[in-house]
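# Observations on chain architecture
Okay, here's what each chain looks like letter by letter:
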Amino acid sequence: MPATARCKSHRDSPYLQMVARPLHPPPPRHPTVALAHPPRAACQQGTISLGTPMSSTSAPLILHDVFCSRHQTLWESVRLSPPPGELAHDWSHLLRVYRWAVALAAAHGADEELAGAAALVHDLIFIPKNSTASPTACDLSAATAPPLLRAAGYDADQVAAIAQAISECSFSAHRAPSSLLSAVLQDADRLDAIGATGVMRAVACAQHFSTPARPGMLFAPMDPLAETREPCDKVFCLDHFKQKLMLLACGMNTTTARVEALRRHAAMETFLHAFAAERAAEANLQQRNS
């Protein structure tokens with residue numbers, strides 16, 4: 001069944017028409033990064049344990065992830081760095097981005113070890129997404145990463161390449177990737193922002209920066225889909241879909257990421273149709289009781 005037929009009573013909504021339109025993989029935004037599949041880069045691997053059981057000072061135990069030895073060193077340096085209580089950017093986000101970065105590097109001919117390293121250190125500096133300084137977080141993380149990378153055994157050229165990729169990673173910084181490594185890291189990070197995981201992360205992020213002084217809401221009661229107002233995802237969680245999440249699938253750099261992004265985009269379409277149906281049901285109740 002086509003996406004526009006999932007919720008026929010609401011498909012006249014301009015916003016739902018926008019989010020439910022079929023997404024055909026567009027030409028690569030940066031053609032140089034949509035490459036064939038060469039042999040996997042050499043990477044000495046081993047099965048390791050990531051950390052210790054959950055406590056106030058450690059990340060939970062994760063078994064059977066495959067890390068290079070230098071990745072293990074980096075992981076021990078960064079696994080406690082995510083801000084406590086911010087579930088959208090916790091240690092598990094680092095691991096999800098890591099897995100996709102390594103997989104995309106293998107599929108498109110980038111250096112897998114550098115891609116994995118970049119993923120592990122891409123969020124060293126956390127600035128809340130509702131801060132005007134949020135776009136600078138990628139530059140601050142890029143500036144913070146070199147000492148950790150050198151300590152893990154990366155040479156000057158490798159450190160520079162990883163730092164450059166980190167500086168181009170953030171969506172809010174609006175930077176095109178200047179290398180295949182950068183394209184892979186961008187795609188891996190943005191894949192984690194969409195789909196079912198992206199829905200959960202959007203809610204977690206909104207909850208984190210809602211405070212008594214600056215309270216947020218899940219959605220705007222009078223216009224939840226921002227059809228007649230400017231969206232503001234710093235206040236309304238659902239506005240984040242219109243401002244960012246529904247735009248990411250068409251902006252993936254690599255063909256492998258684009259395929260996965262289209263699947264995740266469809267999952268968000270389903271969520272938005274279900275949300276619109278629930279609001280319509282509530283509207284019908286109000287009319288019946290008026």
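The structure contained in this document is the topic of the report that follows.

Moving on to the overall build of the protein chain. If you tally the helices and strands in the protein chain, you get ten helices and two strands. For the protein chain, the proportion of its 290 residues judged to be buried stands at 49%. A fraction of 64% describes how many contacts in the protein chain between residues 6 or more apart in sequence connect residues 24 or more apart. By element, 60% of the accessible surface of the protein chain is carried by carbon and sulfur atoms, the whole surface being about 14000 Å².

Counted by the stated rule, this structure contains two aromatic pairs. Here the aromatic rings of F219 and F275 are separated by 4.9 Å at their centres, their planes lie at 75 degrees, and the arrangement is edge-to-face. Separated by 56 residues along the polypeptide, F219 in the loop between helix 8 (195-208) and helix 9 (239-243) and F275 in helix 10 (residues 255-289) bring together distant segments of the chain. Since its relative accessible area comes to 8%, F275 is described here as buried.

Applying the stated rule across the entire model yields eleven salt bridges. Where R70 meets E113, a salt bridge forms, and the shortest distance between an N and an O atom there is 2.7 Å. With R70 in helix 2 (residues 69-78) and E113 in helix 4 (residues 112-120), the pair connects residues that are 43 residues apart, well separated along the chain. Accessibility assignment for this pair places R70 and E113 in one class, buried. Between D192 and R96 there is a salt bridge whose closest N-O contact spans 2.6 Å. Placement of D192 in the loop between helix 7 (180-191) and helix 8 and of R96 in helix 3 (residues 91-108) is noted, with a sequence separation of 96 residues between them. Beyond isolated ion pairs, a larger network of salt bridges with shared partners links R96, D192 and R201.

Let us now look at the packing of helix 2 against helix 5 (residues 137-152). Put simply, helix 2 and helix 5 touch, their axes get as near as 9 Å, and they point 140 degrees apart. It follows that helix 2 is oblique to helix 5 by the angle criterion. When you trace helix 2 past helix 5, the crossing you get is right-handed. Contacts between helix 2 and helix 5 involve R70, T73, L74, S77 and V78 from the former and L148, L149 and A152 from the latter. Across the contact of helix 2 with helix 5, the residue classes break down as five nonpolar, two polar and one charged.

To continue, consider the environment of M268. Mapped onto the secondary structure, M268 falls in helix 10. Under the relative-accessibility criterion, M268 is labelled buried at 0%. Apart from residues lying up to four places away in sequence, M268 is in contact with I194, G195, V199, F241, L245 and M246.

Turning our attention to unusual backbone geometry. Residues other than glycine predominantly adopt negative phi, and peptide bonds predominantly adopt the trans conformation. Notably, H174 is not glycine yet its phi reads approximately 55 degrees, a positive angle. Inspection of the secondary structure assignment puts H174 in the loop between helix 6 (156-167) and helix 7. Residue class for H174 comes out exposed when judged on its relative accessible area of 66%. A positive phi angle is found at A226, which is not glycine, with a value near 55 degrees. A226 sits in the buried class, given a relative accessible area of 1%.

In this structure, V121, L149, Y154 and I162 are the most contacted members of the largest nonpolar core, which totals 58 residues. Elements supplying a minimum of two residues to this core: helix 2, helix 3, helix 4, helix 5, helix 6, helix 7, helix 8 and helix 10. Other than its neighbours up to four places away in sequence, Y154 contacts R70, H71, L74, E113, L114, A117, L149, V159 and I162.

At a minimum axis separation of 8 Å, helix 6 and helix 7 run at an interaxial angle of 45 degrees. Judged on the interaxial angle alone, helix 7 and helix 6 are oblique. For the element pair helix 6 and helix 7, the recorded crossing hand is right-handed. Residues A161, I162, A165 and I166 of helix 6 touch helix 7, and the partners they reach there are L181, S182 and L185. Among the residues making up the contact of helix 6 with helix 7, the classes are represented as six nonpolar, one polar and no charged.

Procedures and definitions
Residues numbered from 1 in each chain as written. Predicted model: local features only at pLDDT ≥ 70, side-chain atom pairs only at ≥ 80, totals over all residues. Heavy atoms only, no water. Helix = DSSP H or I, 4+ residues; strand = E, 2+ residues; numbered from the N terminus. Buried < 20%, exposed > 50% of the residue type's maximum accessible area, 1.4 Å probe, protein only. Contact = heavy atoms within 4.5 Å. Areas by Shrake-Rupley, 256 points an atom, 1.4 Å probe, with all protein chains shown as cover. Phe/Tyr/Trp six-rings, centres within 6.5 Å; stacked < 30°, edge-to-face > 60°. Salt bridge = Lys/Arg side-chain N within 4 Å of Asp/Glu carboxyl O. Axes fitted to C-alpha atoms, helices over the stretch in contact; angles between N-to-C directions. Parallel < 35°, antiparallel > 145°, perpendicular 65-115°, else oblique. Left-handed = near helix turned anticlockwise from the far one by under 90°. Nonpolar A, V, L, I, M, F, W, Y, C, P; charged D, E, K, R; others polar. Core = buried A, V, L, I, M, F, W, Y, C linked by side-chain atoms within 4.5 Å.

So, to be careful, I would describe these as geometric facts and stop short of saying anything about function.
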